[in-house]
Amino acid sequence: GLTRDRLYAEISWRGVAFRIVDTGGLDFSPENNFSDAISTQVTRAMEEADLSLLICDGQTGPVPLDREVAQWARRWSKPVQVVVNKIDDAKHRDSIYEFSALGLGEPRGISSLHGRQIGELLDQILPEIRRLNQETSQSQEASGDSSDLLRIAIVGRPNVGKSSLLNF
């Protein structure tokens with residue numbers, strides 16, 4: 001619950017380089033004092049991103065705010081992968097499938113705290129990353145711009161472990 005702006009990290013997985021953008025937690029309630037500032041930062045990250053990882057909390061199951069964030073993420077018409085974090089033990093595994101109700105495809109379960117399934121997650125999204133990298137490279141060649149790596153935005157509601165994933 002401490003990230004207020006965008007935090008960037010360059011990542012390489014199986015020889016493919018990309019940039020991860022960590023964002024603050026989205027909370028659309030008017031009583032959240034940082035809501036507007038965080039929403040502005042997350043909006044910028046989404047505008048820059050080629051792919052988004054919507055991080056959810058597997059210990060709570062889907063909550064109304066997850067549905068709001070999923071609906072909000074659809075606005076950009078960019079690929080969104082649902083990642084269910086905090087799958088720290090077997091009793092939480094079944095909650096992964098509850099997140100299918102968000103309507104963003106098959107959710108993937110991880111535990112950023114324990115480093116479980118992070119490599120598998122990266123392997124699962126690697127074909128999409130390669131495809132987007134190729135499209136980005138072709139677009140940059142056509143425009144003469146070669147300045148940036150593919151960007152992946154990490155988004156979600158507060159306290160679902162977005163920064164823990166980046167820190168892993």
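Look a little higher up for the structure.
What you are looking at is a predicted structure, and each value in this text was computed from that prediction instead of being measured.

## Here's the deal with helix 1 (residues 35–48)
Over its 14 residues, helix 1 runs 20 Å from end to end, which matches the ideal 20 Å to within 8%, given 1.5 Å per residue. Three or more residues of helix 1 are buried, namely S35, I38, S39, Q41, V42, A45 and M46. Across the axial projection of helix 1, the buried residues extend over an arc of 165°, all falling on one side. Looking at the buried side of helix 1, the elements it contacts are strand 2 (16–22), strand 3 (51–57), helix 2 (64–73) and strand 6 (151–156).

## Remarks on the pairing of strand 6
Every other side chain in a regular strand lies on the same face of the sheet, so the side chains alternate between the two faces. Burial analysis of strand 6 places six of its six residues in the buried class, which makes it a mostly covered element. Side-chain alternation along strand 6 places R151, A153 and V155 on one buried face and I152, I154 and G156 on a second face that is also buried. Across four bridges, the pairing between strand 2 and strand 6 is parallel. Bridging from a neighbouring strand, D22 pairs with I154 of strand 6. Pairing of strand 3 with strand 6, which is carried by five bridges, proceeds in the parallel orientation. Directly across from L51, in strand 6, lies its bridge partner I152.

## Considering the nonpolar core
Among the nonpolar cores identified, the biggest contains 25 residues, and V42, M46, L54, V82 and L102 are the most heavily contacted of them. Mapped onto this core, the elements with two or more residues apiece are helix 1, strand 3, helix 2, strand 4 (80–85) and strand 6. Grouped together as the second largest cluster of nonpolar side chains are 20 residues, I55, I125, L150 and V160 included.

## A look at helix 2
Along helix 2, the residues classified as buried are L65, D66, V69, A70, W72 and A73. Down the axis, helix 2 shows its buried residues gathered within 160° of arc, on one side only. Residues of helix 2 that are exposed and point over 90 degrees away from its buried face: P64 and Q71. The inward-facing, buried residues of helix 2 abut helix 1, strand 3, strand 4 and strand 6.

What counts as what
Residues numbered from 1 in each chain as written. Predicted model: local features only at pLDDT ≥ 70, side-chain atom pairs only at ≥ 80, totals over all residues. Heavy atoms only, no water. Helix = DSSP H or I, 4+ residues; strand = E, 2+ residues; numbered from the N terminus. Expected span 1.5 Å × (residues − 1). Buried < 20%, exposed > 50% of the residue type's maximum accessible area, 1.4 Å probe, protein only. Arc of directions from axis to C-beta. Contact = heavy atoms within 4.5 Å. Pairing = 2+ DSSP bridges. Core = buried A, V, L, I, M, F, W, Y, C linked by side-chain atoms within 4.5 Å.

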